[in-house]
Structures are given as C-alpha cells and as structure tokens.
Amino acid sequence: MVANSTLRPESFDQQRSGTRKQSRRDPNFALAIAQLAICRLRRHWLTDPLSEAELMEAGRLAKQALTLAPDLAEAHVALGLFYYYGFREYEPALTEFRRAIELQPNNALALSFVAFVHRRQGNGIALWKS
C-alpha cells in the first residue's frame, strides 16, 4: 500500500479509487470493502480528518465487511481502526485487533495496533493480555 508509505493524500485517493472499483464490481467482496474502510480511516488519522458523516460511513463499511465475512481478519482490523482512529475507544479496538490475530496470526497491522493500544493505555510493551 503506497498510501501508507508516502502519507500523501493523493496516494490515499488512488488506493481508495482502486478498492472502490473492486467493491462496486462485487458488492459482496468483503476484502475490498474492508480495505476501503481501512484506507479511509488511515487517511483520517494520518493526513486529512474525515467529517463526522464520512467517519460514520467508514464505520459502516467496516461493519458491512464483517457482516459479509465474519472470519475475515481485515474486516476486524477495519472495525478496530474505526474504534481506535475514530473515537479513541481502545477496548473495543483491542477486541477487534485480537480477533484478527486469532484468525490470521501474521497480520502485521493487527499486531502493530495491539501494541499501539497498549502504548496509549500506558501498558509498556505488553502485547497480549488475557
């Protein structure tokens, strides 16, 4: 994902355009919908804040992806980012990131965000709490 490495708004726009085309071709393509939500939420946090309506739309996309594919790790990451980036709600975000890791133990984004949540909560480097 070039957008995450360049952090330029136009890179996020380009990524959003590609994932939007995929989700329009197949409205049940949960991975494309989850990636679209992730892209929107990362842009919100990293470059340009979304309006309240746009933020809620990103959350709706994350929930739609999860409804379509409850065992899709990326859908859980998308919902976790909605809680984390959108509202600083760390416990529900942590629940979603942990579920993503259960489904896909090598999901780098979910692993990173578990650490980020713990850092924000002042828990040092504790990556996993029972």
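Right above here is the structure, for reference.
Model, not experiment: these values are computed from the prediction. (Residues numbered from 1 in each chain as written. Predicted model: local features only at pLDDT ≥ 70, side-chain atom pairs only at ≥ 80, totals over all residues. Heavy atoms only, no water.)

A. Representation of the environment of Gln121 within the structure. As for its position among the elements, Gln121 is in the segment after helix H7 (108–120). The sequence separation of Gln121 and Tyr90 amounts to 31 residues, and the corresponding C-alpha distance is 8.0 Å. Those residues in contact with Gln121 that lie beyond four places of it in its chain are Tyr90, Glu91 and Leu94. Looking at Gln121, its side chain comes within polar contact range of the side chain of Glu91, at 2.7 Å. (Helix = DSSP H or I, 4+ residues; strand = E, 2+ residues; numbered from the N terminus. Contact = heavy atoms within 4.5 Å. Polar contact = N/O pair within 3.5 Å; in protein donor to acceptor, adjacent residues only side chain to side chain.)

B. Here's a closer look at the packing of aromatic side chains. Evaluated as defined, the whole model comprises ten aromatic pairs. Look at Trp45 and Tyr84: their rings are 5.8 Å apart centre to centre, the planes differ by 45°, and that puts the pair in the tilted class. With a gap of 39 residues between them, Trp45 in helix H3 (residues 30–46) and Tyr84 in helix H5 (residues 73–87) connect regions that are remote in the sequence. Residue class for Trp45 comes out partly exposed when judged on its relative accessible area of 28%. For Tyr84, a relative accessible area of 2% puts it in the buried group. Aromatic pair Tyr84 and Phe113: ring centres 5.3 Å apart, planes at 80°, arrangement edge-to-face. Here the residue Tyr84 occupies a position in helix H5, and Phe113 occupies one in helix H7, the gap between them amounting to 29 residues. (Phe/Tyr/Trp six-rings, centres within 6.5 Å; stacked < 30°, edge-to-face > 60°. Buried < 20%, exposed > 50% of the residue type's maximum accessible area, 1.4 Å probe, protein only.)

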